[in-house]
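# Survey of secondary and tertiary structure
As a plain string of letters, each chain reads:
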Amino acid sequence: MNLPQGFNCRESSEDGQTLFSIDSGDGYAIELSNFGASVRSFTVDGLEITVGLPDAKSYRSNNYFHAVTVGRYANRIKHGKTTVEGKQLSLPINNADNHLHGGPGGFHNLLWEAHLVSQLVEIDGVQKNGVGVIFSLDSKEGDQGYPGNVKVQTLILLVKDGGLLFAYRAVTDKATPFNMTNHTYWNLAGAGKDSVHQHRLVLDSVGYFDTPTGIPDGTLSAMKGSAFDFSTPRILEEVIAERGVAPRPEGVKGVDHNFVIDPKAPQTALALVTPLCFTLKTEQAFKVSLRRAAVLRLKGLSMQVLTDKPGLQVYTGNFMAGGPGRNGPLAPNTAVCLESQLFPDSPNQVEAYKKIGASLGFAQAELDSWDGILAAKKLYQSMTYHQFYKA
């Protein structure tokens with residue numbers, strides 16, 4: 001493959017996994033793995049800002065979902081029970097009394113087919129080169145209790161000038177719950193060097209769902225004026241110090257809540273342009289409108305998150321138990337995840353969520369997808385974009 005100017009790539013293997021090391025030549029580099037379609041490393045001018053496990057083998061028992069692509073259903077489904085087209089599903093319980101992130105054998109725990117690709121992207125009319133990996137997976141009928149045979153593709157792309165793109169496409173032959181995200185843990189101070197307490201976070205959000213048992217009760221709490229008021233940049237330590245997180249033992253503190261992105265947040269048009277690297281093709285163009293969801297900042301580095309999803313799970317690594325990591329122990333609050341997704345338990349709470357969404361001004365076309373059910377032969381596609389700035 002002919003690489004765009006400035007890019008360098010190297011392919012290697014470890015523990016039966018294929019690793020792809022990509023450098024854009026402007027200070028940004030990434031390492032991707034086909035196990036879990038995951039981001040093993042992301043560096044800015046040589047500084048490692050993702051928190052991960054010590055070696056490839058460790059990812060085969062990845063209890064904290066480090067770096068991985070999550071599916072079929074990101075976040076929780078209450079008691080692992082929901083109904084699709086009149087049939088009740090029983091999904092495996094792997095988080096207290098709930099089904100989490102697709103179950104113990106979900107997308108995060110599988111080997112994907114993987115191919116290095118070059119892809120041109122257009123961001124608000126400006127074209128930029130990117131190099132990354134297209135990951136492909138066939139999830140069979142009955143996988144983790146889900147109905148339907150699903151073909152899934154995930155593109156993780158390092159884009160020139162500090163961009164990181166996650167793009168997803170899928171199609172199923174039977175209706176199935178479906179809601180994908182990426183679960184990379186970030187620490188802008190450098191992995192293993194400090195907590196995220198001094199990071200500043202601002203959210204383009206109108207409210208959040210409190211989750212005392214991991215499952216919202218269907219009511220929206222206003223963000224502004226609350227303990228979670230991220231309407232202006234907020235030091236995470238201030239929030240973490242106030243919040244105990246159930247259902248873990250008393251003393252565990254942090255954020256693990258789903259925020260509703262403001263439908264009036266600033267928008268960015270993003271499109272994949274020729275050559276389109278997805279082999280799962282349709283006549284439908286891969287062009288979306290992304291809303292700004294969050295900006296995370298520490299000293300001279302910031303990360304902006306843009307997404308076409310309505311929800312953002314903010315998780316400050318509260319439940320990491322101090323085991324070994326690649327750059328130090330995996331202690332609570334040593335990283336933060338910003339997971340773009342639908343809302344927790346959407347298949348069971350869709351009417352409550354739609355009512356809230358309509359009152360906030362979300363368009364009906366968006367609300368129609370909030371049930372978290374991918375219909376047979378309907379194309380699923382979604383993008384989330386991280387833009388890094390060194391100032």
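Residues numbered from 1 in each chain as written. Predicted model: local features only at pLDDT ≥ 70, side-chain atom pairs only at ≥ 80, totals over all residues. Heavy atoms only, no water.

### Focus on the packing of aromatic side chains
One pass over the full model with this rule turns up 20 aromatic pairs. A ring pair is formed by W186 and F388, whose centres lie 5.6 Å apart and whose planes are at 55 degrees; its orientation type is tilted. Here the residue W186 occupies a position in the loop between β16 (181-182) and β17 (200-203), and F388 occupies one in strand β30 (residues 380-389), the gap between them amounting to 202 residues. Of the residues examined, W186 reaches a relative accessible area of 2% and is grouped as buried. For the pair F230 and F259, a centre-to-centre distance of 6.1 Å together with 70 degrees between the ring planes defines the contact as edge-to-face. Of this pair, F230 sits in the loop between β19 (221-222) and β20 (234-235) while F259 sits in strand β21 (residues 256-261), and the two are 29 residues apart along the sequence. (Phe/Tyr/Trp six-rings, centres within 6.5 Å; stacked < 30°, edge-to-face > 60°. Helix = DSSP H or I, 4+ residues; strand = E, 2+ residues; numbered from the N terminus. Buried < 20%, exposed > 50% of the residue type's maximum accessible area, 1.4 Å probe, protein only.)

### Focus: the pattern of salt bridges
Tallied over the entire structure, the rule returns 10 salt bridges. Among the salt bridges present, the one from R76 reaches D256, with a minimum N-O distance of 3.5 Å. Within this pair, whereas R76 is found in strand β7 (residues 76-77), its partner D256 is found in strand β21, the two being separated by 180 residues in sequence. A residue is classified by how much of its surface remains accessible, and R76, at 9% relative accessible area, is buried. By relative accessible area, D256 is classed as buried at 8%. Among the salt bridges present, the one from R234 reaches E238, with a minimum N-O distance of 3.0 Å. Taking relative accessible area as the criterion, R234 reaches 15% and is therefore assigned buried. (Salt bridge = Lys/Arg side-chain N within 4 Å of Asp/Glu carboxyl O.)

### Quick notes on the sheet that holds strand β1 (residues 8-14)
Across the sheet, 5 strands lie side by side as β1-β2-β3-β4-β5; this open sheet has antiparallel pairing. The sheet is open, and its two edges are formed by β1 and β5 (47-48), each paired on a single side. As paired strands, strand β2 (residues 17-23) and strand β3 (residues 28-33) are joined by 5 bridges and run antiparallel to one another. Its bridge partner being in β3, L19 is matched across the sheet by S33. (Pairing = 2+ DSSP bridges.)

### Focus on the side chain of R291
Its location among the elements puts R291 in strand β23 (residues 287-298). For R291, a relative accessible area of 9% corresponds to the buried category. Polar contacts involving the side chain of R291 include one to the main-chain carbonyl oxygen of P263, which spans 3.1 Å. For R291, the residues in contact, after removing those within four places along its chain, are I261, D262, P263, A265, P266, Q267, V305, L306, T307, F362 and E366. (Polar contact = N/O pair within 3.5 Å; in protein donor to acceptor, adjacent residues only side chain to side chain. Contact = heavy atoms within 4.5 Å.)

### Overview of the pairing of strand β12 (residues 126-139)
As defined by bridge partners, strand β11 (residues 113-123) adjoins β12 across 11 bridges and the pair is classed as antiparallel. Counted as the bridge partner of E122 is Q127 from β12. Joining the antiparallel neighbours β11 and β12 is a turn of 2 residues, in which D124 adopts a positive phi near 50 degrees. The pairing of β12 with strand β13 (residues 150-159) spans 10 bridges and is classified as antiparallel. Bridge pairing in β13 places L137 opposite V152.

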